[in-house]
Structure formats: C-alpha cells, structure tokens
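# Understanding the architecture of this molecule
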Amino acid sequence: MTNGWNSASHQTGDDIIVFGPFELNRTRYELLKNGAPVTLGSRATAILIALTRSAGEIVSNRELLREVWQNTVVEEGTVRVHVALLRKVLRDADPGNEYVQNVTGRGYRFVVPVRHRPELAGKSSGSRTSIAKLPVRTAQRRNNLPQRPKSIIGRDQVVRALADRVSIQRLVTIVGPGGGGKTTVAVGVAHALAERSPNGVCFVELASITEARLVANALASALGLSPLALDPLPDVLAFLSNQSLLLILDNCEHVIDATAQLAERLLQSASAVHILATSREPLRAAGESVFELAPLELPSEHAPQTRENLLECPAIQLFVERAEAYMEDQFAADDLRQVADICRRLEGNPLAIEITAAHVRLLGLQMLSATLDDHLFLSIDGRRTAEVRHQSLRSTFDWSYGLLTPAEQATFRRLSVFIGRFDLDCATAVVADGDLTAIAVFESLVSLARKSLVSADTRGGIVSYRLLDLPRAYAREKLLGSGEQEIVRHRHARMWCSVGAMQIQAHVRQSAQWMDVFGERIDDLRSATRWSFSASSGSSLATKLTLTSLWFEFVLAAESSGEPAWVELYEYILRGAEGALLSGLEDILESSRRRDETPVLELTVLQQIERGRSESKTALWSLWFERVIKRDYRIAINLANAARECGSNASAHRAALVDRMLAVAYHYAGDQVLACRHAQWALDAEEPRLTTAPVDALLRCHTRSVLARALWLRGFPNLALETALLSVAEAQRSDSPRLLCTTLVVAITVAMWCGNSVAAEQSLRRLHEQSTAHSLEYHQLWAECLRTITATPPGLQEIEPLQLSMDPLTSSQYLDLLGSLREELVSADAMVRAEAGRSGWCTAEILRVKAERLVRDNGHDVNSCAEVLLHRALETARRQGARAWELRTAMSLARLWKEQGQTSQARALVSDVYARFTEGFETADLKAARDLIQQLTPED
C-alpha cells in the first residue's frame, strides 16, 4: 500500500483512527507513524484512546482514572505522569505539533482532528453540502486557508454567529482593535463553512499589499489566476461570475478604499460569492454588515474569585494556556486572582494576553503587573513567527498610527491626557488649537472611533468617548515625543476649570443619577489636580483653587470623605505649599494656627483671587477638611466660621453645610454639646427641603452619624443608637452601597459602645455582605477588623491593631476609634497624643486606659500616678460634656479608691455621675455602674 498505510496488520472490525501522521488501532492498542510502530506504554496508550474517543472535548482526571485504571486506587498525580509521557512520545515523533492540551483545573483535551481508517478509502472530492441560501454552481473547489487554529478560546459562539450571518449576508466585516483576534475568528468561520461552500474558500491576505492598486492583483493571485491585462479586475470578475465560494479579505484597513470598491464590484458581478472581511474600521461599502468583535470575556469583579469561577473565564483560560506552555507548574488560586487583574488591565485583548503570558516564566506575575504601568510594556516581544505588526504591542499600534492622517495623529496623542470618559466639548477644549479647528477635532474623533482606537459609548443618549489603557499608553508615548505634553496638560487643567466645571455644576444636586454620568471622571480630575500642583505646571493659584473646589464637590458626592481621594488631594495641597506654590495662603494658615485666631486674612486672600465666585468658599471648606485630617480641630472650627462669614448671604443649604462642618470639628475637638447643637441645626435646616439627591443624602447621613457619636458621648446611649440606625435606613434608601457601609460602621461602633451585641452583629453582617458584594475594599477592611474585635475574647493582651491599621489610609483617628472599642488596642502613641492634648474627643478615655494599664502592669506602687491620670481624665470628660467617658473614668477611680479603703467616697463619685443619666439604663456601662454602686454600698 502507498502513503505508508500498513493494512496487512489490520483485522476486519478493528477500530482504527488516523490523526496527523499517526494511525491508532484502538482495538489492538497499537500506534503507528507512517506505518512504523511507535513505542508507548499500555497506560499511556489507554489514555490516548480515551482522549481520542472524546476528541475536541475536555476529559477530566477523574474520568481518565475511571476509564484507564478502573477499580485500581491510584493518586491523581499518576495521570499527570502518564500524560506527560504521552505528550513527549508524540512530540518526539512529530516535532512542532501538539496533540494533547492541558486545560488547567479541568483536565485534558485531544486537539487534533480524528478520522476513522475506513473513511480514507472512500474519501473523494465529490459534491458537498452548499452554504445555506447560496446557489450551487459546478466548478473546481479551492481552499487556501491557513491552518485551522487548534482552539479558539472564548470565541465558539462568535464563530457560530458569524457563520450564520455570512450564510445570509453577502458582505460581513469583522471590526476591532489590533490584536483582537479578527483573523483568528475569520479563519475559524471559514473552516466552519468550507465543507458547505460548493467552490471552497479563497483567503486573501492584504497585510503585505503596499499600494491600493494591487488589491485586485492579490485577489487574482489567491484565486490562482494569471491575467495578462494590467488591470486584472475584469478577468477576476468574469472568473467569479459562475463561482459559489466564500472570499476572506484579511487586514483591509490600510487599503480600505480600494477594498470597499472591490467588494461592491464583486457583489454586483458575482452573485454567488460571499465576502468576510477583517479590518480595524468598517469598509463603509454598500450592503456591508459590520460585526464588532468584543474583547475576550473578563471575570466580574463582583463574583466570587474562586479557582473554578476564574478558570471559566475565556481571558484567563487563554492566559493560563499560553503561560503554562512555558512553565512546569500550574497556577495556584492566588496566582489566578492576579492573572485576573492583569487580564482586566489588558482589557481582554488576546494579543496582549498572549504576549504577557509568554513572559510569566521570565518576569513573574508581580513584575508583569508592575510593567503594565510602564510604556516599556509595549516593547515586550511576542511570537517570533507572528506577522511583523503582531510581534509586539508597539508594532500593532505603529501599524494603526501610520494609517492616520496628521490631524488624526495629533488628536489621538493629545487625547491621551484623559483618564476615563470624555465628551466632544472636553476633547475640543484640549485638542483644538490654531492648526486644528473644532470641526477637524470632531472629524478626527469620529474617525478614530471607526478605527477602533477610541471607544464610543452612546448609552443614556449622551455620547462619550474613551481611550482604552493600551492605546492610551501608546498615545501618551507619542505625546511625550511630540514635545506637546506640557501645553496639552495645561489645556486639560483649564478644561476642568471651564467646560468640566460647568458640566458638573449643571448636573450636581439636580439628578440622583449624576454620579452615573460623571463618576468615571474622578480619576481624570485627580490627574489634572496632580499636574497643576507639580513644579513644572506653572498653573495659577486660581486654577489650583478651582480644581480643589471641583474635587471637593466631586469627592463629597462620590462618598469618599473617609477614603483615599481626600487624603491624596490634601497631600497635593501641602506639597504645593512646601514648594511655594501655595506659600502665601499656607503661611497665613500657619500664622493663625499659632495665634489660635480666626483666619480672616485667608478669607481676604481667597476673595481677592476669586472675588464673588463660589470657589473661594469651597476652597475654605477644602482647607477645613485638611485641618480635620491633620487634627488641627481649633483651626478647623475657625475655618468653618470663616466660611460662614464668606457666605453671609448664602442659601439655607450653604448655612446648613457650615453647621455640619462645625458639628464635625466640635465633635473631634471634644466639645460634644456644641457638636450636637450644630448637627441638629443642620438637620433641622434640611427638613423643609428633603431631597433624594446623592449629595444631600450623603450630607444628612454623615451629619446624623456625627450626632449619634456625640449623643453617646454626652450620655444618651439609646438615642445615639436610634440616631445611628436612622442614618443607616436613609443610606439604604439612597441606593448607595458605599454610603450604607459608612453608616453601618458608625452603627456598629455605637452599638458596641452600648454593649448591644445583637445590634452590632446584625450591622456587622450587613457591612460584610455589602462591602463584599460591591468590592468596597476599604469597608471590607473595616468589616474584617470589627469582626476580629467582636470575636476576640476580652482581656487578650496581645491583640494587634489588625489589618485596618496596616492600611496606608488609616490615620491615628481611626486607631483611636478602635481603642475606644477595645482597651487592648490603645497604643503607646495614642497615650502620648492624649497627654499632649491632641486626641480631642477620646482624650479622657485614653488617659483612663493608661491609668488602668499602669496599675495592672506595676501593681499598687503606682496608684498615686494612676490616680493623677484618672483625675485628669475626669476633668477632661466633664469639660467636654462627655458623660459616657466620665462614667467609665469614675468607675475606674472608684475601684482604685475601694482598694485603698475609700469606699464611701468611691460610691458617692459613681452615684453622682450615674444619677445624671436619664436613659440607657440597660446598656453595658450603666449596668456595670449600677453593680459597682451595689458592691460599694455597705450591708445593713
């Protein structure tokens, strides 16, 4: 027999299959290559037989164990060993081809087509089933398709959908960014339809065509024609007029006009020809149906990040498959979570994922993740055998950038200053100049969107645009090389002061959904603010204050007052002050702090800068918050009063905002009476105009949370818990997960102060559920921290400040709060601050804890020192109106006096404080006080 088939060994009825150069007799357990036996162990042969019976499908380890080892008990690692042996034998016998694919976490798959031996003899080139709805013509079949991909991860549904569309539509164009897998999908569709196309499939690769006039020549060559005329198109059309085939026009973008004209002529002259094109932009030809190829599906950030869930995601499947081709070990569950983050940042682009995955062995996941922030990532090499434009991401973008007009190139690189979404007005403000008109910017923006370099979003009736991370990294590199970066950054900052400011002010407070429109732009505002405070920006103080004001409005509405955005903003302000960018204003602030006087001069400076504009008031509020963060509570109070003077003719709403500022400042400073007063005034002022706008709901909830804390400190525990739960209920109605979590933290705190374990546990459960469901990492830290505090037995000496204290956003204020919940968490630093008078609202409690710890660690020898501390704590609590701290301190001092024999004095002290409470008698501290009074009462 010819062709290497050794039929003499075949017995009638044997189950014989063929794949590649191999022939496998599954009845006799024999493997041949070109008629020669291939040595393979019995177990490995049995695995090969099992895999070929389910060729193309995943066979799990458990299924292989059951089929190959049957009733024998072996470890799962045994399967891995024999599969590795099988792969080595096949690889050695047929270098360059892979037959068995390892599907991480799921099993193995035989990826090569399998045919039964009897079918080879009967195979012929006779009639085929025609493509649906295509007229059948008798003509010679042709098929010059590239090899079918072994697997097209995550694209099975896309291939099926496109095959159906191509069967109906005569011109379909797959459109998407470079490296998105357009050619791979097109080849997959062509193979799916090849058997149904009467005259086969013709694949035309246009990437190598340098001139538009050569497009028809490329088609003629692919068809095997050798026309004599200079223009081959008439001969091509005449040839195709009686053909029924599928034509693949691949990589059309650089000869888009010529390809569109050719497609239209083919549709007119060859009625049985169907065309599938790939391009980075539509052909815009008559009769075209455009199919936008989406990125590979990414794992949801809100779904559980389990190994099983992550491995079901196509983007991660591709990454793992490519990476493990270069690795010995499989990815662990924690590694897969990092892979998921990398795939998200690569935005599901298959080429970017493949290139990145191939370098895991050399660079590791952490370094690769860090490299994504660097434009050098664009230079990482891909496959050596790939098309030139796909050998690195920079090559891919170089190809696209080179096809742009000068106006499009300028627009593309200047848009790189935007982070997140922007609209046409914002783009025009940044891009347009004397050489590039507003109309030219509009035309370029639309063209870039067509070319898949800019993403357009029309949801909600508002058209917005965005550069994805990879194109933006490339465009930013081009901007840096153009010498335009500083002027474009300056325009970007000014855009926020003009167009951006007007857009925000037109929407804020008018729509409960305004954050849905502007929420994604907070990173862009951060970028503009950061640049304006840099040494090289040359931005005016007015620009800095305007950006600061916008940030204040934005962050306040974004419910981030306790999170990084605030802290980061004020770091910019302080850094700018140290660099003399805000030296005049900061000097006045420092001077007023030293004299502890109202900073009237600040107000004057701001009014001179922005006379008659709201930015001056907002800048004062921003500086107020900076003082709260830095624990300058007295200055914060002065700034709030200055803001009231600045807005003497302002609306009731602005006046209420000042009262909120004063309530916060007085609460942290330690004046709980004034804190309650201003908080209540603010809430009363809002009562007639209750709205559901996100900013108003946020402010009310925060005010009520401050009021709840101050009420507990003043000795109204029941009212405090009721107020905290009212804040939670309003946050629930606002449909804001972050605000709800913020109010739940306060409710848990107050409940724990009250000793109400049921209320604390209920709120803690909700905090954990909400923060996890919405991926709110900051509040997840709080949930973990509070859970640990509630679950740890009292009195444990070595309890740590927990994970929250390790968070870089956690200030000493939050650690003080933790110390008020568990005495073990009061740190030495907190005690130093308290003795220096810099702990504000919790000074008395920290001093009390220090006295208790002093006696516990040193015995009665330090009683006098402890008594001094307790007297100071008692005086501080009385001065601050903090009856809750006064009661705790009185009990600690009474216990000390009891040991010294001063029982009656101890009883009188506790009884006096206890008698001034009017409610909350079943809370923990009041019950403890009642028990102590009873212990101190002499028996009759």
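In short, a report on the structure. (Residues numbered from 1 in each chain as written. Predicted model: local features only at pLDDT ≥ 70, side-chain atom pairs only at ≥ 80, totals over all residues. Heavy atoms only, no water.)

## Description of the sheet that holds strand S3 (residues 30-33)
Across the sheet, 5 strands lie side by side as S4-S3-S2-S1-S8; this open sheet has antiparallel pairing. The two strands at the open ends of the sheet, each matched to only one other strand, are strand S4 (36-37) and strand S8 (115-116). Relative to S8, strand S1 (residues 16-19) is paired through 2 bridges, and the arrangement is antiparallel. Looking at S8, one finds that Ile17 is bridged to His116. Along the sheet, helix H1 (residues 42-53) makes contact with S1, strand S2 (22-25) and S3, crossing S2 at roughly 100 degrees. (Pairing = 2+ DSSP bridges. Helix = DSSP H or I, 4+ residues; strand = E, 2+ residues; numbered from the N terminus. Contact = heavy atoms within 4.5 Å. Axes fitted to C-alpha atoms, helices over the stretch in contact; angles between N-to-C directions.)

## Brief notes about empty space enclosed by the protein
A complete count under the given rule lists 5 cavities of 30 Å³ or more for this structure. Along the walls of the second largest cavity sit Trp712, Pro717, Trp753, Cys754, Ala884, Leu887, Phe917, Thr923, Asp925 and Leu926, which together make up its complete lining. Among the secondary structure elements, those contributing two or more residues to the lining of the second largest cavity are helix H33 (737-754), helix H41 (883-899) and helix H43 (924-936). (1 Å grid on protein atoms, 1.4 Å probe; cavity = no way out; pocket = protein on both sides within 12 Å on 5 of 7 lines; lining within 4 Å. Points joined across faces, edges and corners; volume = space filled by probe spheres on them.)

## Quick look at unusual backbone geometry
Even without being a glycine, Tyr29 presents a positive backbone phi close to 55 degrees. Its place among the elements puts Tyr29 in the loop between S2 and S3. A residue is classified by how much of its surface remains accessible, and Tyr29, at 45% relative accessible area, is partly exposed. (Buried < 20%, exposed > 50% of the residue type's maximum accessible area, 1.4 Å probe, protein only.)

## Here we look at the packing of aromatic side chains
Tallied over the entire structure, the rule returns 17 aromatic pairs. Where Tyr914 meets Phe921, the ring centres are 5.8 Å apart and the plane angle is 55 degrees; that geometry is what we call tilted. A relative accessible area of 30% places Phe921 in the partly exposed class. Put simply, the rings of Phe19, Phe22, Tyr99 and Phe110 touch in pairs and so form one group of aromatic residues. The ring centre of Phe917 lies 5.9 Å from the NZ or CZ of Arg883, which sits over that ring. (Phe/Tyr/Trp six-rings, centres within 6.5 Å; stacked < 30°, edge-to-face > 60°. Lys NZ or Arg CZ within 6 Å of the ring centre and 35° of its normal.)

## Thoughts on the side chain of Arg414
By the element assignment, Arg414 lies in helix H16 (residues 406-414). What makes Arg414 buried here is its relative accessible area of 6%. There is a polar contact of 2.7 Å between the side chain of Arg414 and the backbone oxygen of Val431. Residues within four places of Arg414 in sequence aside, it is in contact with Val430, Val431, Asp433, Leu436, Leu479, Glu484, Val488 and Arg491. (Polar contact = N/O pair within 3.5 Å; in protein donor to acceptor, adjacent residues only side chain to side chain.)

## Here's the deal with the pattern of salt bridges
Under the criterion given, the structure shown has 33 salt bridges. Between Asp816 and Arg833 there is a salt bridge whose closest N-O contact spans 2.9 Å. Taken as a pair, Asp816 in helix H37 (residues 812-821) and Arg833 in helix H38 (residues 828-835) lie far apart in primary sequence, 17 residues in all. For the pair shown, Asp816 and Arg833 are each scored as buried. Between Glu886 and Arg878 there is a salt bridge; the shortest N-O distance is 3.0 Å. Here Arg878 falls in the partly exposed class, since its relative accessible area comes to 44%. Among the charged side chains, a salt-bridge network with shared partners connects Glu823, Glu845, Arg848, Glu852, Arg888 and Asp925. (Salt bridge = Lys/Arg side-chain N within 4 Å of Asp/Glu carboxyl O.)

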